[in-house]
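# Structural features, examined
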Amino acid sequence: MELPSRKEKILCAVVESYIDSGEPIGSKALQTQTGLNVSSATIRNELADLVSKGYLLQPHTSAGRVPSAKGYRYYIDNLLEQKPLSDRVKSHIDMSISSAADAPEKILQKTAQVLSELSSMAAVTTTPSGYKARVHKIRFVITGRHTCMVVLITSNGMVKSRLFRCDFVVTPELIAMFDKALNDAFVGVPLKEIDRAFLQSVAASFGELSLFMPDVLIAILDAAKQAMQTTLNVSGSTNLLFLPSYDLLNARNVLRFLSNSEELSSLLEDNVQGTKVYLGKESGYYELKDSAVITTRYEIGGSTAGAIALVGPIRSDYKTLISQLEYASKCASSLIGELLEV
């Protein structure tokens, strides 16, 4: 239900005042803050109506008002205007993430780290799901006389490597043969189709070359299996212990939830695209009943990939946090895309 414009202005002022100060706000202060050309008695009536409708709470009879979960939700969905980031903050995000731009996983780890530092909250990133991913490239690195590393690069930006040992001497000429034959066989193949039956069919097509292939193919299978799994990066979780909006019990509940990779991954993957804010019980998890989760998706080659999220108290500066999250997401998307040349 959409509120009348005067009620929206008062609700917005209460929410933003409480985010800034953590203190209830009364009618006289609101009269000044909103600039409404009405009496404080009229504002009191509007406040009382917003309380009765569940958008505000009155902690004590004589106290001012604070937003409820419903009030925060209305504010985020209808009233919030994102705060533009300064050039200094943008440059800091760019430089921080770019410093790790040699692998997609490192980019995501650095993204979580810089967001946790800027927000003083916990930050989470997930690698893309490998369910729809395909083999993008296979590369080889000679590591010893009888050892080599296979590097599997997927269409969703994951890079997984496996060492394998050979009974024969590894030479550049042999590796060049491996490179051509295996890229011809694997590039474009969905990860989910790479199993032992597929390896057998590939080996059969190689003829005599297959005699050199068993250890290589097993290494590719192991790398593909790992690339199918979603990996979580959590940074700044200890920040939650020092936030004034949390008591120790709340902080412990959130830390417990962040340590449960399966539930955390499930929550973040529920957001298919764009930016979404879960407030308290909306997440469906008891441990987050007094917390907010702000999550967005980054893209690879124009398609949505993994998630980037901030976790902290409901009383948070959403104007700034959403701007930071979305800017960091675009930066990570761009850098991963450059690495993959997509």
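Only a predicted model underlies this, so the values are computations on that prediction, with no experimental measurement involved.

Further remarks concern the nonpolar core. In this structure, Ile10, Leu11, Leu30, Tyr72, Ile97, Leu279 and Tyr318 are the most contacted members of the largest nonpolar core, which totals 56 residues. No other element matches the nine residues that helix H12 (residues 318–340) contributes to this core. When residues no more than four places from it in sequence are discounted, the contact partners of Tyr318 are Ile19, Tyr72, Ile76, Leu80, Val277, Leu279, Ala292, Ile294 and Pro313. Ala133, Ala181, Leu182 and Val216 belong to the second largest nonpolar core, which has 34 residues in total.

In this structure, Pro190 sits in the loop between helix H7 (172–186) and helix H8 (196–205). Look at Pro190 and you get buried, because its relative accessible area is 11%. With 34 residues separating them in the primary sequence, Pro190 and Ala224 have C-alpha atoms 9.4 Å apart. In this structure Pro190 touches Ala133 and Arg134, once residues within four positions along its chain are discounted.

Attention now moves to the sheet that holds strand E7 (residues 232–235). Across the sheet, five strands lie side by side as E7-E3-E10-E9-E8; this open sheet has antiparallel pairing. Of all strands in the sheet, those bounded by a partner on one side alone are E7 and strand E8 (276–279). Strand-to-strand twist in this sheet, taken as the mean axis angle between neighbours without regard to direction, amounts to 20°. Pairing between E8 and strand E9 (residues 291–300): four bridges, direction antiparallel. Within E9, the position partnered with Tyr278 by the bridge is Val293.

Moving on: the sheet that holds strand E4 (residues 135–142). Pairing in this open sheet of three strands is antiparallel, and the strands run E4-E5-E6 from one edge to the other. Each edge of the open sheet is held by one strand with a lone partner, namely E4 and strand E6 (159–165). Each strand of the sheet is rotated relative to its neighbour by a mean of 20°, with strand direction disregarded. The pairing of strand E5 (residues 147–154) with E6 spans seven bridges and is classified as antiparallel.

Within the secondary structure, Ser27 is located in helix H2 (residues 27–34). Look past the residues within four positions of Ser27 in its chain and what remains in contact with it is Ser40, Ile43, Arg44 and Leu47.

We now examine the pattern of salt bridges. Summed over all chains, the structure comprises 12 salt bridges. Residue Glu16 pairs with Lys319 through a salt bridge whose shortest N-O separation is 3.1 Å. Of this pair, Glu16 sits in helix H1 (residues 5–21) while Lys319 sits in helix H12, and the two are 303 residues apart along the sequence. Exposure remark for Lys319: the relative accessible area of 25% places this residue in the partly exposed category. Through salt bridges with shared partners, one network takes in Arg6, Lys7, Glu46, Asp49 and Lys53.

Procedures and definitions
Sequence positions are assigned chain by chain, starting from 1 and proceeding in written order. Since the coordinates come from a predicted model, pLDDT governs what is reported: local features require at least 70, and pairs of side-chain atoms require 80 or more to be given and counted, while whole-chain, interface and lining totals use all residues. In computing side-chain values, all of the structure's heavy atoms are included and hydrogens and water are not. By convention a nonpolar core is built from buried Ala, Val, Leu, Ile, Met, Phe, Trp, Tyr and Cys residues, the set being connected through side-chain atoms within 4.5 Å. Each residue gets one of three labels from its accessible area relative to the maximum for its type: buried under 20%, exposed over 50%, partly exposed in between, using a 1.4 Å probe on protein chains only. Going along the chain from the N terminus, every DSSP run of H or I of four or more residues is numbered as a helix, and every run of E of two or more is numbered as a strand. Should any heavy atoms of two residues lie within 4.5 Å, those residues are counted as being in contact. Strand pairing follows a simple DSSP-based rule, namely that at least 2 bridges must link the two strands. In this analysis an axis means a line fitted to C-alpha atoms, helices contributing only their contacting stretch, and an angle means the value between N-to-C directions, from 0 to 180 degrees. By definition here, a salt bridge exists when the distance from a side-chain nitrogen of Lys or Arg to a carboxyl oxygen of Asp or Glu is within 4 Å.

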